[in-house]
Amino acid sequence: MKIESIAVYQIDLPLVEGRYSWADGKFVEKFDSTIVEIRTDQEAVGLGEVCPLGPFYLPAFGTGARAGIEEIAPGLIGLVPTEIMKIKRHMDSALLGHPYVKSCIDMACWDLLGKETGKPLWALLGGKFGDSIQLYRAISQESPNEMAHKVAKYREEGYQKFQLKVGSSPEEDIERIHTVRSLLDRDEVLVADANTGWTAPEALRVANAVSSLDIFIEQPCASYQKCVSVRDRISTPFILDETIDGLEILLRAHNDRAMDVINLKISKVGGITVACQIRDLCVSLGIPMTIEDSWGGDIITAAIAHLAHSTPEEFRFSSTDFNSYSPISNAFGAPVRDNGMMTASDKPGLGVTLNKDIVGEPVAIYS
Ligand code: MG
């Protein structure tokens, strides 16, 4: 099998709720998603997707993904897409950094490896653990009462894990956390995700004011060092997300006892290949993970499902069904949430086919 061409599609993913807001007044009303379709000298095509959470969540943005693909894609023509590590090395030598750009191509190569071998991705990544994957719902930042109202609504849909978008004023965040936790049963999980929005003293104020509650605090501050300084002074279970962007920092953080859980996002680390390395290392080190991506449509949701379903259950803190946040479906065959859970497809590869009526014509083809 050889790569003959790479088609690139762009699609905007609006939100069912209209807007998604998080720390520091940041918000997105439609997500700029990039899809690659790797076409080969055989019948199979490989699909991959990257969808940054706006241009100001991580160092990643929609037009950047397509500009980066333009740098990388021409050099991949003629290569064997199922030689995953060779493709990765090739991409790394063609473009320094920009892991999110490479993520969608890496994902499409895994899709092709599955199709060539006739196996679903979960089988290639270690085997399926359990019947289904438990999901969390991200609760966009609004007033404490609005957020409590949303939690009650999503609870009725079957979710039992909630991630509150905090990271604004400590007073209001304290109220958000208290109000929502009081709604939940003991077996339900609440994460207060500040998305780097607090200073260390703000984080300490919030953490101290909610210290009697059963919650997790996620990524309070922008820098790793600041997060550790907060972590060292509180007893609340602690999650790191934005600052854990590769193997080296994961090992350092483990050594520093800097967190209890990490948030593993596929595009943040450059694709399924590195996400799987990190996942396997976390399993060996005993670190549970939220397994997800920055954002995405059906293709990314499928990839998340395969990575999560092939992870031993005790290390699956939670995952996300991003395809339920938008009314637009960019592919067929993706997991559909059922009572707060999803399941990875048993079809070869990712198990999805492109919804060509929705994605339209390619914005670029490299051949
Ligand atoms: Mg997070």
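Anyway, here's the lowdown on the structure attached to this text. (Residues numbered from 1 in each chain as written. Predicted model: local features only at pLDDT ≥ 70, side-chain atom pairs only at ≥ 80, totals over all residues. Heavy atoms only, no water.)

### Section: the pairing of strand β9 (residues 189-193)
Thought 1: The element β9 is extensively covered by neighbouring structure, given that five of its five residues are classed as buried.
Thought 2: Residues V189, V191 and D193 of β9 are buried on one face, and the alternating residues L190 and A192, pointing to the opposite face, are buried as well.
Thought 3: Where strand β8 (residues 161-165) meets β9, five bridges bridge the pair, whose relative direction is parallel. Within β9, the residue paired with K165 across the bridge is D193.
Thought 4: Crossover β8 to β9 through helix α6 (residues 170-181) is right-handed.
Thought 5: Summarising the sheet, β9 and strand β10 (residues 216-218) pair through three bridges and their orientation is parallel. (Buried < 20%, exposed > 50% of the residue type's maximum accessible area, 1.4 Å probe, protein only. Helix = DSSP H or I, 4+ residues; strand = E, 2+ residues; numbered from the N terminus. Pairing = 2+ DSSP bridges. Right-handed = clockwise from strand over helix to strand, strands pointing away.)

### A word on the packing of aromatic side chains
Thought 1: The final tally for this structure, using the stated rule, is 10 aromatic pairs.
Thought 2: Seen from their ring centres, W22 and F56 are 5.9 Å apart, and the 55° between their planes marks the pair as tilted. Of this pair, W22 sits in the loop between β2 (20-21) and β3 (27-28) while F56 sits in the loop between β5 (45-50) and α1 (62-72), and the two are 34 residues apart along the sequence.
Thought 3: On the basis of an interplanar angle of 5° and a centroid distance of 4.2 Å, the ring pair of F31 and W295 is categorised as stacked. Separated by 264 residues along the polypeptide, F31 in strand β4 (residues 30-40) and W295 in the loop between β13 (289-292) and α11 (298-309) bring together distant segments of the chain.
Thought 4: Relative accessible area serves as the criterion here: at 1%, F31 is assigned to the buried category.
Thought 5: Through pairs of rings, three or more aromatic residues link up here, namely Y20, W22, F31, F56, Y57, W295, F322 and Y325.
Thought 6: Sitting above the plane of the F27 ring, R19 keeps its charged end 3.6 Å from the centroid.
Thought 7: Its guanidinium or amino end placed over the ring of Y325, R137 lies 3.6 Å from that ring's centre, counting from NZ or CZ. (Phe/Tyr/Trp six-rings, centres within 6.5 Å; stacked < 30°, edge-to-face > 60°. Lys NZ or Arg CZ within 6 Å of the ring centre and 35° of its normal.)

### A short note on the side chain of R137
Thought 1: Within the element layout of this structure, R137 appears in strand β7 (residues 136-139).
Thought 2: One polar contact links R137 to Y159, side chain to side chain, over a distance of 2.9 Å.
Thought 3: Here S324 takes part through its side chain, which lies 2.8 Å from a polar atom of the side chain of R137. (Polar contact = N/O pair within 3.5 Å; in protein donor to acceptor, adjacent residues only side chain to side chain.)

### What to know about unusual backbone geometry
Thought 1: Positive phi values are uncommon outside glycine, yet D24 reaches one of about 60°.
Thought 2: Mapped onto the fold, D24 is located in the loop between β2 and β3.

### Re the pattern of salt bridges
Thought 1: One pass over the structure, following the stated rule, counts 28 salt bridges.
Thought 2: For the salt bridge of D32 with R66, the shortest nitrogen-to-oxygen distance reads 2.8 Å. Here D32, found in strand β4, pairs with R66, found in helix α1; they are 34 residues apart in sequence, far enough to count as distant.
Thought 3: A salt bridge links K153 to E157; the nearest nitrogen and oxygen atoms lie 3.3 Å apart. (Salt bridge = Lys/Arg side-chain N within 4 Å of Asp/Glu carboxyl O.)

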